[in-house]
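Here's the letter readout for the chains.
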Amino acid sequence: MSSKLQYEFKRKLEELEKYKGRGTELITLYIPPDKNIADVASQLRSELSQASNIKSKQTRTNVMAGLEAILQRLKMYKKPPEHGMVIISGVVEVNGKQKHITEIIEPPEPVPLYKYHCDSSFYLEPLKEMLKEKDIYGLIVIDRREATVGILKGRRIEALSRATSMVPGKHRQGGQSSVRFERLREIAIHEFYKKVGEKATEALLPYKDQLLGILIGGPSPTKEEFYEGNYLHHELQKKVVGLFDVSYTDESGLYELVEKAEDVLQELDLMKEKRLMNRFLKEIAKDGLAAYGEEEVRKYIALGAVDTLLLSEDLRLERVKYRCPKCGKELEVTLRFKGESKQMCECGVEMEEVERRDIILELSELAESTGAKVEFLSTESEEGAMLYNAFGGIAAILRFKPD
Ligand SMILES: [Zn+2]
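Treat the numbers as computed from the prediction; the structure is a model and nothing was measured.

1. Focus: the overall build of the chain
Inference 1: On a plain count of helices and strands, the chain comes out with 12 helices and 16 strands.
Inference 2: In summary, the chain has a C-alpha radius of gyration of 28 Å against a globular reference of 22 Å for 403 residues, an excess of more than 25%.
Inference 3: Projecting the C-alpha coordinates of the chain onto the three principal axes gives extents of approximately 105 × 70 × 35 Å.
Inference 4: Taken over 403 residues, the chain has a buried fraction of 29%.
Inference 5: Counting contacts in the chain only where the partners sit at least 6 residues apart, residues at least 24 apart contribute 70% of the total.

2. What to know about the sheet that holds strand β2 (residues 85-94)
By way of backbone hydrogen bonds, the strands of a sheet pair with one another, either parallel or antiparallel.
Inference 1: Read from one edge to the other, the open sheet built from 4 strands follows the order β3-β2-β1-β4, with strand pairing classed as antiparallel. Edge positions in the open sheet fall to β3 (97-105) and β4 (115-119), since each of these has one partner strand only. The sheet shows a mean angle of 10 degrees between the axes of neighbouring strands, taken without regard to direction.
Inference 2: The pairing of strand β1 (residues 26-31) with β2 spans 5 bridges and is antiparallel. What sits directly across from Ile31, in β2, is Met85.
Inference 3: Contacts from helix α3 (residues 57-74) reach β1, β2, β3 and β4, with the element oriented near 140 degrees to β2.

3. Section: the packing of helix α2 (residues 37-51) against α3
Inference 1: With their axes 10 Å apart at the nearest point, α2 and α3 run at an angle of 165 degrees to one another. Here α3 runs roughly antiparallel to α2, going by the angle between their axes. Seen along the crossing, α2 lies across α3 with a hand that is left-handed. Between α2 and α3, the contacting residues are Ile37, Val40, Ala41, Leu44, Glu47, Leu48 and Ala51 on the first element and Arg60, Val63, Met64, Leu67, Ile70, Leu71 and Leu74 on the second.
Inference 2: Tallied by class, residues from the contact of α2 with α3 come to 12 nonpolar, no polar and 2 charged.

4. Some points on the environment of Lys208
Inference 1: With respect to the helices, strands and loops of the structure, Lys208 is situated in the loop between α5 (178-204) and β8 (211-218).
Inference 2: Given 15 C-beta atoms within 10 Å, Lys208 falls into the partly exposed group.
Inference 3: Excluding its chain neighbours within four sequence positions, the residues that come into contact with Lys208 are Glu235 and Leu236.

5. Some thoughts on the packing of helix α9 (residues 262-285) against helix α12 (residues 382-390)
Inference 1: Between α9 and α12, the shortest axis-to-axis distance is 7 Å and the interhelical angle comes to 50 degrees. Looking at the two axes, α9 sits oblique to α12. Residues Glu273, Lys274 and Met277 of α9 touch α12, and the partners they reach there are Glu383, Gly384, Met386 and Leu387.
Inference 2: In terms of residue class, the contact of α9 with α12 is built from 3 nonpolar, 1 polar and 3 charged.

6. Here we look at the domain arrangement of the chain
Inference 1: Under the domain assignment, the chain is made up of domain 1 (3-131), domain 2 (136-260) and domain 3 (271-398).
Inference 2: Of the residues lining the interface, 5 residues belong to domain 1; the matching set on domain 3 comes to 9 residues.
Inference 3: Of the residues in the side of domain 1 that touches domain 3, the class split is 1 nonpolar, 1 polar and 3 charged.

7. Looking at the sheet that holds strand β10 (residues 290-292)
Inference 1: In space, the 4 strands of this open sheet follow the order β10-β16-β11-β15, with mixed pairing throughout. Only two strands of the sheet have a single partner each, and these edge strands are β10 and β15 (373-377). The sheet shows a mean angle of 20 degrees between the axes of neighbouring strands, direction not considered.
Inference 2: Relative to β15, strand β11 (residues 306-312) runs parallel, the two sharing 5 bridges.

8. Structural notes on the pairing of β1
Inference 1: Counting buried residues along β1, 6 of its 6 residues qualify, which places the element largely inside the surrounding structure.
Inference 2: Where β1 meets β4, 5 bridges bridge the pair, whose relative direction is antiparallel. Bridge pairing in β4 links Thr28 to His117.

9. A look at α5
Inference 1: The end-to-end C-alpha separation of α5 is 38 Å, in line with the 39 Å expected for 27 residues at 1.5 Å each.
Inference 2: All of the buried residues along α5 are Phe192, Tyr193, Val196, Gly197, Ala200, Ala203 and Leu204.

10. Brief notes about unusual backbone geometry
Inference 1: Residue Pro221 is reached from Ser220 by a cis peptide bond, and omega for that bond is 0 degrees.
Inference 2: By secondary structure assignment, the location of Pro221 is in the loop between β8 and α6 (222-228).
Inference 3: Even without being glycine, Lys338 reaches a positive phi, approximately 65 degrees.
Inference 4: Tracing the backbone through its elements, the reader meets Lys338 in the loop between β13 (330-336) and β14 (352-358).

11. Structural notes on the environment of Leu310
Inference 1: If you trace the backbone, Leu310 turns up in strand β11.
Inference 2: By the C-beta count within 10 Å, which is 27 here, Leu310 ends up buried.
Inference 3: Beyond its immediate sequence surroundings of up to four residues, Leu310 is in contact with Leu276, Phe280, Glu375, Leu377, Leu387, Ala395 and Ala396.

Rules and cut-offs
Residues numbered from 1 in each chain as written. Predicted model: local features only at pLDDT ≥ 70, side-chain atom pairs only at ≥ 80, totals over all residues. Helix = DSSP H or I, 4+ residues; strand = E, 2+ residues; numbered from the N terminus. Rg over C-alpha atoms; globule rule 2.2 N^0.38 Å. Buried ≥ 20, exposed ≤ 12 C-beta atoms within 10 Å, placed from the backbone. Contact = placed C-beta atoms within 7 Å. Pairing = 2+ DSSP bridges. Axes fitted to C-alpha atoms, helices over the stretch in contact; angles between N-to-C directions. Parallel < 35°, antiparallel > 145°, perpendicular 65-115°, else oblique. Left-handed = near helix turned anticlockwise from the far one by under 90°. Nonpolar A, V, L, I, M, F, W, Y, C, P; charged D, E, K, R; others polar. Domains from an automatic or database assignment. Expected span 1.5 Å × (residues − 1).

In structure tokens, the structure reads:
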């Protein structure tokens, strides 16, 4: 998912997270892509008849209204959208007023479960999980009998391909010379590593630009032999970030591998922020290709000079557009989230607010339209915190510096 989509999705979830119901009356319905809509509708109708037994009148009324609203919406679908959908419905408080909302969310990744949930807040955990899925790692587990190749996307592990070997066991049969037996066994092992290398390359090479690293697991010395023998495509070989002792080499071995690599993975995640900030700081130190602060960065975006825009995820600013109702003059200012400001036009009339956008979205769209990359940094790494505290959360690495 593009970083902008991801960010929009995140803000949507933050908004939904704030809503609270008075009782257990907020409904969240997860529908995976392969679910039959008619089955969902019939379950909802049975929930509807059960809801009529709810004691509290207010909760009963609200739950029933929510279910009916969802059933109405479902009529528009013959089958779920490509990634499935999540429907939320309930009475929430908006600006001090009670309001019934029903929304359909088509998430950026497949809905992983079918679930009907009714509580005092919306159930958003599975959607939040999707947000974490921005980093991709390649996984290979191998011993001399079997190998499995997979991928780790956030928390989700997916097996992609598997290979088994014809390598004979350690014990030769009677009548074979031991030298000859060992020789044949070595050839078979080499052939197997070659096959695994090809399978892994086929499965992982399409991801090579997104892969943050590749983890190899297995017993010793197999995994070392496989790594040191350069059986992987060279683009993948250089992405290997660690070898780990793992006892299973089927799909469960992939899970074991990720568990063993936990510390390394966490470090790599923060490493990415570190690398970006170090690049920026180096340029700053020599007064080179870098800029920071909203005004500066805007200027360079407008000139098409930004290579990478660095934005702190913790920025809570909005870009607000005002228009004069009399002469039509327009003006844009940046305000704190939900902040208010009075703008007087030169013609003496107070201007009206006509548009308000999250600055992160506004700036990243602007930058992307000039071909710049946009990176969002957390404040969890030391460098990410520095971006926020020392550089106002908005910085850029430049392609060139116009005079
Ligand atoms: Zn005016």
